[in-house]
Every structure is written in C-alpha cells, then in structure tokens.
Amino acid sequence: MGESQAMRAYRSLTDKQRAHVDRTLSDMVRLNRELEDTRPDACPKCGAHGPFASRGHTCSKHPKRIYECKRCGRRFVYDSGKVTSNLKISQQELMSICTDTLSGVPIRETAKRLGRSPQCVFGNRHKLLCLMEEALSDEGARAEGTVEIDGTFVLESQKGSKPKGRKGRKRGGSSGFRGISHERACTITATDRQGHEIFRTVSLGQPTSQIIADNFGDGIASGSEIYADGCHAYDGLAKACGCSIYHPKGHKSYDRVRHLNTVNSIHSQIKRAYARCRGVATVYLNRYMSLFAWMRRFAGQERDAIEGRLAKMFRSVRIHITREGLRRDYITDLHAAQGNCLRPKS
C-alpha cells in the first residue's frame, strides 16, 4: 500500500478507529526512541548523573558511543552492566526474540524468521529469562494477607547434557519410581489475593520444612494467614514468618476464603506451559518460572505495551550475563544443594 492509499484508508476510518491508530503509532514512535536512545543515565562506577565526555565509538558490528565520567574517569557505554551490553545482534532482533518467547513461539521458528541460528536464539532467550528473574528479585514482592501455598512436581530432566546418577530416558519417558521420588523436582507456589505470586523450584522429591523456610521465609509478610494442603512441612515456614496456618481437608471443606483453588489453577497452567516446551532442563526451571510469572502479568496486553515494558526493563535492571555465564549463573542446582537452590552469580 502506497502513502496516498494509506492516507485515503485513514480518512475513511471512524473517529474511534483513527484514535486507536494514533495511539498505536505514538506507542511505536516512543518505543523506537527508547531503543535508539544512547544517552547514559548514570556512571556505572560512581553513580554520577553527569557530566560525561564523548570518547569515540566501540569497534563492533553495532558500534556504540563511549562516554567518560568527568567525576571518576570511568569509560563506559550507555548500557554498561545491562543485558544489551554484549549483544551480537541488534536490539530490534532481541526485542523480537523476547516477544516470541512470551508468546510461546518455538525457537526454530523464531530463528528462521530472523535468519539466525537456533543456538543464537536460545542464548538470547535465556538472557531474557535471567533478566526477568533478576527483575523479580529486585522487586522484592511479598505475599500478604490470605496466602495460598502448595507444591507441584515435574519429572527431573537433564535435557541437553549427559545424565548423572541415572540412565538416560527416551523422549516422553517416565520416572523409574512410583509417586514422589528423587526423580521429580518440586516447584512451590505462594500467592495472595492481591495477585502477588512467588514461584521457586526447591528440591528433588518432597521438600523438608527447613528447605521451604529458607526459600520462602523472606517472601511472606508477618501476620498473614497461610492456607496449605495436608503437608505439615509448611508449619515451619508459618512459625518462622509469624503467621497462622490452616490445612483445609479436601474440597468439601473449602469456602469462599479458605481454599486452594487459586494456586491449584496456577499449577494447572504451569503443567500446560511445561508440556508445550516438551520438557525443561531442571537447571533452568527457576528461569522458566520467572518467565511464567511475567507471562501472567502480560496476559491480555497488546504487543506494543509489552515491548514498551521490556524496553524499560532493558534500561533499568542491572545484570551482566555472558554466554559462559548462562551455564554457570542463575541455575537451579538441586543436586548440589538442598537449601536455597538458586546458585548466585559468581
């Protein structure tokens, strides 16, 4: 469609349709400006907001202007210490990978559309997952008031690596043990009635009271009412947080307040998302739980609004992750530790 045809089509729209087009265009223009803005917010070393002197450009496929802080002398680029600092692709391509990830588009389909290798898309997708996990950590959200907490189990997977401690399974295989065993990873979800949600993969097999308290002790406000199933491993968490705890006995004992319907519904959605991924390596489970949390927040929003929030996340969250770091940092190492299973950055 040419420019004249586009203008004629625009004039034929109703006032409401024109307003919608105007909002969409303004959102796109604002997003492009945010992505193209290379002015630094602050010095990554001393935190000063200026003045900065220009010192040339980086020697890369996508050159960036180098700035020097006049207060401390540190040289940096505008996104030093951010997820975009070591990109080998353009920010527009990264944004496409991010939106495809949130929409559940397969890696190979995204790679084919962008003309990139699946390994490139996989690495940048996991950069996004680490960014989302760090953003949730920075929020420090806490569940309060009426809190539902429960766990669900998925088959432990060493997808992408040589299995340790057991024989390899064929695709679609099952555990060699009945019921809950060390071959199933436990993901616990805590949610309140205000929409605050915490997802953490905590152990292989049934978690102990100490493991639950270590992982959720800082995530539940004091004085809350905790509703859990018949597992009394949550009693230690309630005691540590100074909360009261109730164990509803089956669906017949549920009422409009005392129930676990919300957390059970979330677990059903987790299982469906897990099935679409054809299984997730256990070391990456917490990353995908962070993705699931953001997918629930972005549900029902338009693509432009999602891209705008992602662009702000790129600029505000400080995280430096490399290709080697993707295999070392922000992983769920349940074999090495049974306490706080999120391995911190080295």
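Our subject is the structure that appears above.
Residues numbered from 1 in each chain as written. Predicted model: local features only at pLDDT ≥ 70, side-chain atom pairs only at ≥ 80, totals over all residues. Heavy atoms only, no water.

Further remarks concern the pattern of salt bridges. In this structure the tally under the stated criterion is twelve salt bridges. Here Glu 68 makes a salt bridge to Arg 75, at a shortest N to O gap of 3.0 Å. Ionic pairing is found between Arg 166 and Glu 156, a salt bridge with its closest N-O pair at 2.9 Å. Taken together, the residues Arg 166 in the loop between strand E4 (146–155) and strand E5 (184–192) and Glu 156 in the loop between E4 and E5 connect sequence positions ten residues apart. Among the charged side chains, a salt-bridge network with shared partners connects Glu 156, Arg 166, Arg 169 and Glu 183. (Salt bridge = Lys/Arg side-chain N within 4 Å of Asp/Glu carboxyl O. Helix = DSSP H or I, 4+ residues; strand = E, 2+ residues; numbered from the N terminus.)

Time to look at the sheet that holds strand E1 (residues 52–57). The three strands are arranged E1-E2-E3 in an open sheet whose pairing can be described as antiparallel. Of all the strands in the sheet, the pair left with one neighbour each is E1 and strand E3 (75–77). Mean inter-strand twist for the sheet, computed between neighbouring axes without regard to direction, equals 35°. Sheet topology note: the strand E2 (residues 65–69)/E3 ladder contains three bridges and is antiparallel. Residue pairing in the sheet places Glu 68 in a bridge with Arg 75 of E3. (Pairing = 2+ DSSP bridges. Axes fitted to C-alpha atoms, helices over the stretch in contact; angles between N-to-C directions.)

Right, let's get into the pairing of E2. Across four bridges, the pairing between E1 and E2 is antiparallel. Directly across from Ser 54, in E2, lies its bridge partner Tyr 67. Between E2 and E3, which pair antiparallel in sequence order, lie five residues; one of them, Gly 73, sits at a positive phi of approximately 85°.

Moving on, we come to the sheet that holds strand E6 (residues 197–204). Across the sheet, five strands lie side by side as E6-E5-E4-E7-E8; this open sheet has mixed pairing. The strands lining the two open edges of the sheet, one partner per strand, are E6 and strand E8 (244–246). Strand-to-strand twist of the sheet, defined as the mean angle between neighbouring strand axes without regard to direction, takes the value 25°. Here strand E7 (residues 225–227) runs beside E8; their pairing, made up of three bridges, is parallel. Residue pairing across strands places Ile 226 opposite Ile 245, the latter belonging to E8. Where helix H8 (residues 261–276) meets the sheet, its contacts fall on E4, E5 and E6, and the angle it forms with E4 comes to roughly 30°. Across the sheet, helix H9 (residues 285–298) is in contact with E4, E5 and E6; its angle to E6 comes to roughly 160°. (Contact = heavy atoms within 4.5 Å.)

Take the pairing of E5 next. The element E5 is extensively covered by neighbouring structure, given that eight of its nine residues are classed as buried. The pairing of E4 with E5 spans nine bridges and is antiparallel. Of the residues in E5, the one forming a bridge with Gly 151 is Ile 188. Inspection of the sheet shows E5 paired to E6 by seven bridges, in the antiparallel sense. Bridge pairing in E6 places Ala 190 opposite Ile 198. (Buried < 20%, exposed > 50% of the residue type's maximum accessible area, 1.4 Å probe, protein only.)

All right, on to the side chain of Gln 158 then. Relative to the helices and strands, Gln 158 is located in the loop between E4 and E5. You can call Gln 158 buried: its relative accessible area is 13%. A distance of 3.0 Å separates a polar atom in the side chain of Gln 158 from a polar atom in the side chain of Glu 156. Only 2.7 Å separates the side chain of Gln 158 from the backbone nitrogen of Lys 164, close enough to count as a polar contact. (Polar contact = N/O pair within 3.5 Å; in protein donor to acceptor, adjacent residues only side chain to side chain.)

Each packed pair of helices is defined by two parameters, the angle between the axes and the distance between the axes. Packing of helix H4 (residues 107–114) against helix H5 (residues 118–139) brings their axes to within 8 Å, and their N-to-C directions diverge by 115°. Here H4 lies roughly perpendicular to H5, going by the angle between them. Crossing of H4 against H5: the hand is right-handed. When H4 is examined against H5, the residues Ile 107, Arg 108, Thr 110 and Ala 111 are found in contact with a partner set consisting of Pro 118, Val 121, Phe 122 and Arg 125. Within the contact of H4 with H5, the residues separate by chemical class into five nonpolar, one polar and two charged. (Parallel < 35°, antiparallel > 145°, perpendicular 65-115°, else oblique. Left-handed = near helix turned anticlockwise from the far one by under 90°. Nonpolar A, V, L, I, M, F, W, Y, C, P; charged D, E, K, R; others polar.)

This part is about the packing of aromatic side chains. Inspection of every chain in the model, using the stated rule, returns six aromatic pairs. Taking 5.3 Å as the distance between ring centres and 25° as the angle between the ring planes, the aromatic pair formed by Tyr 227 and Tyr 246 counts as stacked. Of the two residues, Tyr 227 sits in strand E7 while Tyr 246 sits in strand E8, which places them 19 residues apart along the sequence. With relative accessibility at 33%, the residue Tyr 246 sits in the partly exposed group. Put simply, the rings of Phe 52, Tyr 67 and Phe 76 pair up and form one aromatic cluster. Between the NZ or CZ atom of Arg 297 and the centre of the ring of Trp 294, over which it lies, the distance is 4.6 Å. (Phe/Tyr/Trp six-rings, centres within 6.5 Å; stacked < 30°, edge-to-face > 60°. Lys NZ or Arg CZ within 6 Å of the ring centre and 35° of its normal.)

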